[in-house]
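One-letter residues, chain by chain:
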Amino acid sequence: MFSIEDFAQLQFLVGRWRGESADGKPFYEEYDHPGPNVFQSHRYAGESFVERTDGSTISFKDGEIISQWGDFTWRASRIGRDSAVFEPVSAPSRFEWRRVDEATLEAHQHWTAEGKEQQHTIRLARVIAI
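Here is what the cut-offs are and how they apply
Residues numbered from 1 in each chain as written. Predicted model: local features only at pLDDT ≥ 70, side-chain atom pairs only at ≥ 80, totals over all residues. Heavy atoms only, no water. Helix = DSSP H or I, 4+ residues; strand = E, 2+ residues; numbered from the N terminus. Buried < 20%, exposed > 50% of the residue type's maximum accessible area, 1.4 Å probe, protein only. Contact = heavy atoms within 4.5 Å. Lys, Arg positive; Asp, Glu negative; His and termini not counted. Charge placed at Lys NZ, Arg CZ, Asp CG, Glu CD. Phe/Tyr/Trp six-rings, centres within 6.5 Å; stacked < 30°, edge-to-face > 60°. Lys NZ or Arg CZ within 6 Å of the ring centre and 35° of its normal. Salt bridge = Lys/Arg side-chain N within 4 Å of Asp/Glu carboxyl O.

S.K.: Describe the overall build of the protein chain, naming the residues involved and giving the relevant values.
M.R.: When you go through the protein chain residue by residue, the secondary structure sums to one helix and 10 strands. Its helices and strands in sequence order give the protein chain the pattern α-β-β-β-β-β-β-β-β-β-β, from N to C terminus. Counting only C-alpha atoms, the protein chain reaches 40 × 40 × 30 Å along its principal axes. Here the protein chain holds 130 residues, and 37% of them are scored as buried. Taking the intrachain contacts of the protein chain between residues at least 6 apart in sequence as the baseline, contacts between residues at least 24 apart amount to 30%. Charge-centre separation for the protein chain: the mean point of 15 positive side chains lies 2 Å from the mean point of 21 negative side chains.

And the structure:
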């Protein structure tokens, strides 16, 4: 069970970020915290952060922290000041965020394919608004 104070620790996600997908293409994401019980993410087509292409939510309700993206759902198993771990409820993989420093996040995905543990790490760099 988590508290609303635990949930608020996800504040380290808030901001605009640039990452590179597994196929080498750049992507742009923005995380905001529009209310005490919700964080939202939006993915954008380009660095102008104008055309939204996708999004997800992380919500707090009844002591649980749930992340939803499309048809996929995860439940938080650990939340800290600089990290969060989400286990699959109806999703193909486990994921973890870790703040490296104020300008860098890492997203780690873990899954099993053909009986073998797999993982992929994406590094995101903070985009400074001008």
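That shown, we press on.
S.K.: Which residues make up the side chain of threonine 104, and what values do they have?
M.R.: Within the fold, threonine 104 resides in strand β9 (residues 104–113). Relative accessible area serves as the criterion here: at 13%, threonine 104 is assigned to the buried category. Sequence-distant contacts of threonine 104, defined by excluding residues within four places in its chain, comprise Trp17, Arg98, Arg99, Arg123 and Leu124.

S.K.: I'd like a description of the packing of aromatic side chains, backed by residues and values.
M.R.: Using the criterion set out here, one finds 11 aromatic pairs in the structure. Pairing phenylalanine 7 with phenylalanine 39 gives two aromatic rings, centres 5.1 Å apart and planes at 65°, and the pair type is edge-to-face. Linking phenylalanine 7 in helix α1 (residues 4–8) with phenylalanine 39 in strand β3 (residues 38–44), this pair joins segments that are 32 residues apart in sequence. Here phenylalanine 7 and phenylalanine 39 have matching classes, each one buried. Three or more aromatic residues link up through ring pairs in this structure, and these residues are Tyr31, Trp69, Phe72, Trp74, Phe86, Phe95 and Trp97. Sitting above the plane of the phenylalanine 27 ring, arginine 43 keeps its charged end 4.0 Å from the centroid.

S.K.: So what's going on with the environment of glutamate 64? Which residues, and what values?
M.R.: Structurally, glutamate 64 is set in strand β5 (residues 64–69). By relative accessible area, which is 33% here, glutamate 64 ends up partly exposed. Separated by 61 residues in sequence, glutamate 64 and serine 3 have C-alpha atoms that sit 8.2 Å apart. Apart from the residues lying within four places of it in its own chain, the contact partners of glutamate 64 are Ser59 and Arg75.

S.K.: Please give an account of the pattern of salt bridges that cites residues and values.
M.R.: A full pass over the atoms with the stated rule returns 10 salt bridges. Across the pair arginine 99 and aspartate 82 runs a salt bridge whose closest N-O atoms are separated by 2.3 Å. Note that arginine 99 is positioned in strand β8 (residues 94–101) and aspartate 82 in the loop between β6 (72–79) and β7 (83–90), a separation of 17 residues in sequence. Among the residues examined, arginine 99 registers a relative accessible area of 18% and is labelled buried. Residue arginine 98 pairs with glutamate 106 through a salt bridge whose shortest N-O separation is 2.9 Å. Given the relative accessible area of 33%, arginine 98 is considered partly exposed.

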